[in-house]
Each structure stands twice: as C-alpha cells, then as structure tokens.
Amino acid sequence: MTEDGADLRNCLFCRIVSGELPATIVYEDEQTVAFLDHRPLFHGHTLLVPRVHVETLGELPVSLVGPFFETAQLLSVAVQAGLDAEGTFVAMNNRVSQSVPHLHVHVVPRRKKDGLKGFFWPRTKYKNEDEMLAVKKLIAAAVEKIKSQ
Ligand code: DGP
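Just so we're clear, the structure is a prediction, and the values are computed from it rather than from any experiment.

1. Regarding the overall build of the chain
Logical step 1: Across its full length, the chain carries three helices and five strands.
Logical step 2: The N-to-C order of helical and strand elements in the chain reads α-β-β-β-α-β-β-α.
Logical step 3: Each principal axis of the C-alpha distribution contributes one length, and for the chain these read about 45 × 40 × 30 Å.
Logical step 4: Of all 149 residues assigned to the chain, the portion counted as buried reaches 42%.
Logical step 5: In the chain, 62% of the contacts between residues at least 6 apart in sequence involve partners at least 24 apart.

So, in structure tokens, the structure goes:
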C-alpha cells in the first residue's frame, strides 16, 4: 500500500488511477476518478472509483462518502446529458458479483425499451479507440457544462 492508500501491486483499478494502466478517463478530481467500462452495457457506461484503495462502500472513510457521491451525482446527470439518454442506472456491487475488488459505482445511460431486464445484461463493444474517445468527450463536455453552471 502506498502513502496515498493505493494497492499498486494487487489492484487493477489502483493501477488505472495511478496511470500505470490505460483507461479512458471521463472525469477526475482530488478524491475520485471516472473512466469508461471496457465492456459497457451501453456506450457511456462509466465506472467511478475513489483514489484510495477500499473494496466496498462500507470501508470508505466517512469523510470521503460526500465527495464520492457528489461525483456520482454529477456523473448521473453528465452521462445522461452527454449520451442524450432518458435516464441512468446507478449501481454498485459489494463483494457478491463484484469482479474487481476496488469500490466502484456503475453509471449506465438508460432509455425506455433499451433491453435491460433483470441482471442478465448483454454487453456491447467499442469499435475502436476513436469511438471510445468520442464517447469520453461527450461525457467530459457535459461534466464541464454542468460544473460551470
Ligand atoms: P463489477 O462486476 O460490478 O465488479 O464491475 C466491474 C466492471 O469493471 C466490469 O463491468 C468490467 C470493468 N472492468 C474490468 N476490468 C477493466 C479494465 O481493465 N478496464 C476498464 N475500463 N474496465 C474494466
């Protein structure tokens, strides 16, 4: 564990936060980083993580809960606006069904009749890096717009 609370040896998302591994980052601030899920439910599916390494919401220091969910709130508006969606699904697995043991909130753009039913969700792909970058720009622009209002 580093002084900043990162687990660079074992944790995939700590390595993304540190910049050691690539990711398409849509937003970052002092306490949080948000990047595109590489196997999205829909384009724009974003993962929000705290910079410190904790596995579950229950382990997040109380002082970080506010900043963390303020970013989740921002992204719930920005992902919807950026992808011109009708709503969002905001969710978090804690241990069960959690495939990466670093706390993360999923922010997924939703539209009526988009096919998401129950928890057997089909995944899509980005065609290439450019397509992923274009989606990143939509969300980043929406974040900037919202923050300047
Ligand atoms: P969960 O199953 O709730 O723990 O969600 C983990 C998500 O993380 C899953 O939707 C796929 C995503 N994911 C896993 N590895 C990587 C990665 O290396 N890069 C990116 N961008 N996303 C990842």
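On we go from here.
2. Examining the side chain of T71
Logical step 1: Tracing the chain through its elements places T71 in helix α2 (residues 62-82).
Logical step 2: Under the relative-accessibility criterion, T71 is labelled buried at 3%.
Logical step 3: Here the side chain of T71 touches P67 through a polar contact of 3.1 Å, landing on its backbone oxygen.

3. Brief notes about the side chain of H102
Logical step 1: Mapping H102 onto the fold places it in the loop between β4 (87-91) and β5 (105-110).
Logical step 2: By relative accessible area, which is 0% here, H102 ends up buried.
Logical step 3: Among the polar contacts listed, one links the side chain of H102 to the side chain of H53, at a separation of 3.3 Å.
Logical step 4: Discounting chain neighbours no more than four positions away, the residues touching H102 are C11, F13, C14, V49, P50, R51, V52, H53, V54 and E55.

4. Focus on the site of the ligand
Logical step 1: Neighbouring residues of the ligand: 16 residues in total, closest D37, N93, S99, H104 and H106.
Logical step 2: Within the contact set of the ligand, an oxygen atom lies 2.4 Å away from a side-chain nitrogen or oxygen of D37.
Logical step 3: One of the side-chain N or O atoms of H106 is found 2.8 Å from an oxygen atom in the ligand.
Logical step 4: Against a free-state accessible area of 500 Å², the protein chains account for coverage of 85% of the ligand.
Logical step 5: When contributions to the shell around the ligand are tallied by element, the ones reaching two or more residues are α1 (12-18) and β2 (32-36).
Logical step 6: Counting residues per element, the shell around the ligand draws most heavily on α1, at three residues.

5. Overview of the nonpolar core
Taken as a class, soluble globular proteins show a tendency for nonpolar side chains to be buried jointly.
Logical step 1: With 25 residues, the main nonpolar core has L75 and I139 as its most contacted residues.
Logical step 2: At seven residues, the largest contribution of residues to this core is made by α2.
Logical step 3: What I139 contacts, discounting residues up to four positions off in sequence, is V26, L36, G44, T46, L75, A78, V79 and L83.
Logical step 4: Counting 11 residues, the second largest nonpolar core, distinct from the first, contains C11, C14, I16 and V100.

Analysis parameters
- Residues numbered from 1 in each chain as written.
- Predicted model: local features only at pLDDT ≥ 70, side-chain atom pairs only at ≥ 80, totals over all residues.
- Heavy atoms only, no water.
- Helix = DSSP H or I, 4+ residues; strand = E, 2+ residues; numbered from the N terminus.
- Buried < 20%, exposed > 50% of the residue type's maximum accessible area, 1.4 Å probe, protein only.
- Contact = heavy atoms within 4.5 Å.
- Polar contact = N/O pair within 3.5 Å; in protein donor to acceptor, adjacent residues only side chain to side chain.
- Near = heavy atom within 4 Å.
- Areas by Shrake-Rupley, 256 points an atom, 1.4 Å probe, with all protein chains shown as cover.
- Core = buried A, V, L, I, M, F, W, Y, C linked by side-chain atoms within 4.5 Å.

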